[in-house]
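In case you want the letters, here they are:
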Amino acid sequence: MIKSIEGTAPGWITDLMDTLGAPGAGVAIAAENLFPPLPSEVILPLAGFAAARGSMQLTSALAWTTLGSVTGALALYGVGAWLGRERTSAIASKLPLVKVSDIEKTERWFRRHGTKAVFFGRMIPLFRSFISIPAGIERMPIPVFLALTTLGSFIWNVIFVLAGYLLGDNWEEVTGYVDVYSKVVLGTTALAVAAFVVVRVSRRGPGARHRG
């Protein structure tokens, strides 16, 4: 049993894989897409490790985790489609330092680069989930969205499932490398957000003083 030798992964993940095998790994990855704090960098190598021990077939692990990724992404696409442009603009207008024009610029950017964003976004921690929402808002054609999401998810999953499969008992080493990668991505994002806030505040400040 996986859970008898593994203490790093959350218990419900190992329970799913113990009980359902490869479909359990797919369910766990679908949940990870919907709730990004869940660790795909733990789930995927663990699925590979389980395949190496004979608890599931390697091909099944890859197929089910990719299906789980696409299912979770499609659910978030649905959230974006439900929100739509009008709801998104209404929400943005109530947020501090955010203008409706920012949303309009983002929409234009996504119309130009959306296919690349969806494909490569599937291989970036945190963004791999959130990128599905603007795709839904912009109503990217579902066949295109599914093709890009499936391919991007498959590449990401293959890397980590195979890493767990090949490393065997040392599969946890993968999480260390991904942790560094995630911190770099999140740090870059935090700097970008901070720069946006500074620029927006500096632009508003003189205007506010002038009005005073």
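Above this text sits the structure in question.
Residues numbered from 1 in each chain as written. Predicted model: local features only at pLDDT ≥ 70, side-chain atom pairs only at ≥ 80, totals over all residues. Heavy atoms only, no water.

What to know about the overall build of the protein
Part 1 of the argument: Within the protein, the secondary structure is distributed over nine helices and zero strands.
Part 2 of the argument: In sequence order, the secondary structure elements of the protein are arranged as α-α-α-α-α-α-α-α-α.
Part 3 of the argument: By sequence separation, contacts in the protein at least 24 residues apart represent 73% of the contacts at least 6 residues apart.
Part 4 of the argument: Accessible surface for the protein amounts to roughly 11400 Å². Of this, 67% is attributable to carbon and sulfur atoms. (Helix = DSSP H or I, 4+ residues; strand = E, 2+ residues; numbered from the N terminus. Contact = heavy atoms within 4.5 Å. Areas by Shrake-Rupley, 256 points an atom, 1.4 Å probe, with all protein chains shown as cover.)

Details of the packing of aromatic side chains
Part 1 of the argument: For the structure on display, the rule yields three aromatic pairs.
Part 2 of the argument: Summarising the aromatic geometry, the rings of Tyr77 and Phe145 are spaced 4.7 Å apart at their centres and angled 40 degrees between planes, so their arrangement reads as tilted. Taken together, the residues Tyr77 in helix H4 (residues 58–93) and Phe145 in helix H8 (residues 142–167) connect sequence positions 68 residues apart.
Part 3 of the argument: A centroid spacing of 4.6 Å and a plane angle of 50 degrees characterise the contact between Trp156 and Phe160, whose relative ring orientation is tilted. Residue Trp156 and its partner Phe160 are located together in helix H8, separated by four residues, close to a single helical turn. Of the two residues examined, Trp156 and Phe160, each falls in the buried class. (Phe/Tyr/Trp six-rings, centres within 6.5 Å; stacked < 30°, edge-to-face > 60°. Buried < 20%, exposed > 50% of the residue type's maximum accessible area, 1.4 Å probe, protein only.)

What about the pattern of salt bridges?
Part 1 of the argument: Summed over all chains, the structure comprises one salt bridge.
Part 2 of the argument: Across the salt bridge formed by Glu138 and Arg111, the nearest N and O atoms sit 3.4 Å from each other. Here Glu138 is found in the loop between helix H7 (132–137) and H8, whereas its partner Arg111 is found in helix H5 (residues 100–121), with 27 residues between them in sequence.
Part 3 of the argument: Classification of Glu138 as buried rests on a relative accessible area of 13%. (Salt bridge = Lys/Arg side-chain N within 4 Å of Asp/Glu carboxyl O.)

Quick look at the nonpolar core
Part 1 of the argument: Within the largest apolar cluster, 32 residues are counted, with the highest numbers of intra-cluster contacts made by Met17, Met56, Phe110, Val118, Ala135, Met140 and Phe145.
Part 2 of the argument: Broken down by secondary-structure element, the contributors of at least two residues to this core are helix H1 (11–20), helix H2 (22–34), helix H3 (40–52), H4, H5 and H8.
Part 3 of the argument: With seven residues, the top contributor of residues to this core is H3. (Core = buried A, V, L, I, M, F, W, Y, C linked by side-chain atoms within 4.5 Å.)

A short note on the side chain of Arg122
Part 1 of the argument: In this fold, Arg122 is placed in the loop between H5 and helix H6 (127–130).
Part 2 of the argument: One polar contact links Arg122 to Asn33, side chain to side chain, over a distance of 2.6 Å.
Part 3 of the argument: Sequence-distant contacts of Arg122, that is, excluding residues within four places in its chain, are made with Asn33, Ser69, Ala73, Arg128, Ser129, Ser132, Thr149, Gly152, Ser153 and Trp156. (Polar contact = N/O pair within 3.5 Å; in protein donor to acceptor, adjacent residues only side chain to side chain.)

Overview of H3
Part 1 of the argument: With 13 residues, H3 should reach 18 Å at 1.5 Å per residue; the first-to-last C-alpha distance of 18 Å fits that figure.
Part 2 of the argument: Counting buried residues along H3, eleven of its 13 residues qualify, which places the element largely inside the surrounding structure.
Part 3 of the argument: Among the residues of H3, Ser40, Val42, Ile43, Leu44, Pro45, Leu46, Ala47, Gly48, Phe49, Ala50 and Ala51 are the ones counted as buried.
Part 4 of the argument: Backbone geometry just downstream of H3 places Gly54 in the positive-phi region, at approximately 90 degrees. (Expected span 1.5 Å × (residues − 1).)

So, the packing of H2 against H3
Part 1 of the argument: Here H2 crosses H3 at 165 degrees, and the two axes come no closer than 10 Å. Classified by the angle between their axes, H2 and H3 sit roughly antiparallel to one another. Taken as a pair, H2 and H3 cross one another with a handedness that is left-handed. Together, Ala25, Ala28, Ile29 and Glu32 of H2 and Ser40, Ile43, Leu44 and Ala47 of H3 make up the contact between the two elements. (Axes fitted to C-alpha atoms, helices over the stretch in contact; angles between N-to-C directions. Parallel < 35°, antiparallel > 145°, perpendicular 65-115°, else oblique. Left-handed = near helix turned anticlockwise from the far one by under 90°.)

Quick notes on the packing of H3 against H8
Part 1 of the argument: It is at 6 Å that the axes of H3 and H8 come closest, and there the two elements cross at 50 degrees. Overall, the two elements H3 and H8 adopt an arrangement that is oblique. With respect to the hand of their crossing, H3 and H8 are arranged in right-handed fashion. Each of Ser40, Leu44, Pro45, Gly48, Phe49, Ala51 and Ala52 in H3 lies in contact with H8, whose residues at this interface are Trp156, Asn157, Phe160, Val161, Gly164 and Tyr165.
Part 2 of the argument: Looking at side-chain class alone, the contact of H3 with H8 contains nine nonpolar, four polar and no charged residues. (Nonpolar A, V, L, I, M, F, W, Y, C, P; charged D, E, K, R; others polar.)

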